[in-house]
Amino acid sequence: GDTSGTALAKAVASNSCLTSLDLGGNQLGAATGKAMVEALKGNTSLATIALDGASLSLQQLSGAEPVTEINLSNDGSYDTRDKRLGEASGVVTAHLVSGNRSLTSLDLGGNQLGAATGTALAEVLKVNNSLTSLDLSGNKLGDTTGTALAKAVASNRSLTSLNLSNNSFGDTSGTALAKAVASNRSLTSLDLGGNQLGAATGKAMVEALKGNTSLAT
C-alpha cells in the first residue's frame, strides 16, 4: 500500500544507480504518486517506472526524450484491465508533462484515474501551452475534477480537443465547463458524452455558445 510506496519513493530520492522500478500490482494511490514526484526531482538515473498498470517512460513524459504523442489509454478488455493506470501513475504523469514543451497529444482514456490526477492535470493546463489534445475519457474523475478542469480550460489557449466522456460528471461540472467554453477561444472539440448532465448544463451551454465561435463539435 501507500506506506510501502512512500517509503520506496524516499529510497528513490537517494538512489543514483536504479534505472527501472516496477511496483505494479500493489495497492498504491495518490500518496505514493505525490511522494514519487518529490523523489524524482532529485533523481536523474531512473528511466522507467511502473506504479500500477503500464510502465511510464519518464524521459518521454518530461520531454527529455521529445515525442509529440503519448498514448497510455486502455480499452478495458479482459486482457488489458490489469494494465490500467491508477492515481499513483496519474499524479506522476501530470507532474512530468507539466513542463513538457514537445508533447501535443496525451491520451489517458480508459484508466482508473480519479480526483487527484484530474486536479493535477487541471494545474498542468494552466501552465502548459503546447498540449493541444487531451483524452481523459472513461476514468473516475467526478465533479471535483470537472470544476477544476473547467477553471483551467477557461484560461487555456492551446487545447483544441478535450474528451471528458464517461467520468461521472453531473450538472456541477457541466455548468462550470459551459462557463469555461464561453471564455475559451481555442477549443474546437469537447466530448462530455456518457455523463449525468441535465437541463441545467444544457441551458448553460446554450448561453456559452452565444459568445463562442471556435467550438465545432
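One can find the structure itself at the top, above this paragraph.
Just so we're clear, the structure is a prediction, and the values are computed from it rather than from any experiment.

**Q** Requested: an account of the layout of surface pockets, with residues and values cited.
**A** In this structure, the largest pocket occupies an estimated 220 Å³ of space. As for the largest pocket, its lining consists of L40, K41, N43, T44, L46, L58, Q59, S62, A64, H95 and L96. Taken together, the elements giving at least two residues each to the lining of the largest pocket come down to helix 3 (58-62) and helix 4 (87-97). Considering every element that reaches the lining of the largest pocket, the biggest residue donor is helix 3, with three residues. The class makeup of the residues in the lining of the largest pocket is five nonpolar, five polar and one charged.

**Q** Account for the pattern of salt bridges, naming residues and giving values.
**A** Using the criterion set out here, one finds three salt bridges in the structure. We note a salt bridge from E207 to K210, for which the minimum N-O separation is 2.9 Å. By relative accessible area, K210 is classed as exposed at 62%.

**Q** So, the sheet that holds strand 1 (residues 20-22): which residues are in play, and what are the values?
**A** Sheet architecture is open: three strands sit in the order 1-2-3, paired in mixed fashion. Here the strands that pair on one side only, and so sit at the sheet edges, are strand 1 and strand 3 (56-57).

**Q** Got a sec to walk through helix 5 (residues 115-127)? Specific residues and values, please.
**A** Helix length check: helix 5 (13 residues) gives 19 Å between terminal C-alpha atoms against 18 Å at 1.5 Å per residue, within 8%. Looking at helix 5, one finds that the buried residues are T117, G118, L121, A122, V124 and L125. Buried residues of helix 5, viewed axially, fall in a sector of 155 degrees; they line one side. If you follow the buried residues of helix 5, they end up packed against helix 4, strand 6 (133-135) and helix 6 (142-155).

**Q** Account for the environment of D22, naming residues and giving values.
**A** Along the chain, D22 falls in strand 1. With 111 residues separating them along the chain, D22 and S133 place their C-alpha atoms 29 Å apart. There is a polar contact of 2.9 Å between the side chain of D22 and the backbone nitrogen of G24.

**Q** Help me get a handle on the side chain of N128, residues and values and all.
**A** Inspection of the secondary structure puts N128 in the loop between helix 5 and strand 6. What makes N128 buried here is its relative accessible area of 3%. Reaching out from N128, the side chain makes a polar contact with the backbone nitrogen of L131 at a distance of 2.9 Å. Those residues in contact with N128 that sit more than four places away from it in its chain are V97, S98, N100, R101, N156 and S158.

**Q** Describe the sheet that holds strand 4 (residues 69-71), listing the residues and the values that go with them.
**A** Spatially, 4-5-6-7-8 is the arrangement adopted by the five strands of the open sheet, whose pairing is parallel. Strands with a single pairing partner mark the edges of an open sheet, and in this sheet they are strand 4 and strand 8 (189-191). Between one strand axis and the next, the sheet turns by 5 degrees as a mean value, whatever way the strands run. Looking at chain direction, strand 5 (residues 105-107) and strand 6 are connected through three bridges and run parallel. Looking across to strand 6, one finds that L106 is bridged to L134.

**Q** Which residues make up the nonpolar core, and what values do they have?
**A** Formed by 56 residues in total, the largest nonpolar core has its most connected members in M36 and L164. Ranked by the residues each element gives to this core, the list is headed by helix 4, at six residues.

Cut-offs applied
- Residues numbered from 1 in each chain as written.
- Predicted model: local features only at pLDDT ≥ 70, side-chain atom pairs only at ≥ 80, totals over all residues.
- Heavy atoms only, no water.
- 1 Å grid on protein atoms, 1.4 Å probe; cavity = no way out; pocket = protein on both sides within 12 Å on 5 of 7 lines; lining within 4 Å.
- Points joined across faces, edges and corners; volume = space filled by probe spheres on them.
- Helix = DSSP H or I, 4+ residues; strand = E, 2+ residues; numbered from the N terminus.
- Nonpolar A, V, L, I, M, F, W, Y, C, P; charged D, E, K, R; others polar.
- Salt bridge = Lys/Arg side-chain N within 4 Å of Asp/Glu carboxyl O.
- Buried < 20%, exposed > 50% of the residue type's maximum accessible area, 1.4 Å probe, protein only.
- Pairing = 2+ DSSP bridges.
- Expected span 1.5 Å × (residues − 1).
- Arc of directions from axis to C-beta.
- Contact = heavy atoms within 4.5 Å.
- Polar contact = N/O pair within 3.5 Å; in protein donor to acceptor, adjacent residues only side chain to side chain.
- Axes fitted to C-alpha atoms, helices over the stretch in contact; angles between N-to-C directions.
- Core = buried A, V, L, I, M, F, W, Y, C linked by side-chain atoms within 4.5 Å.

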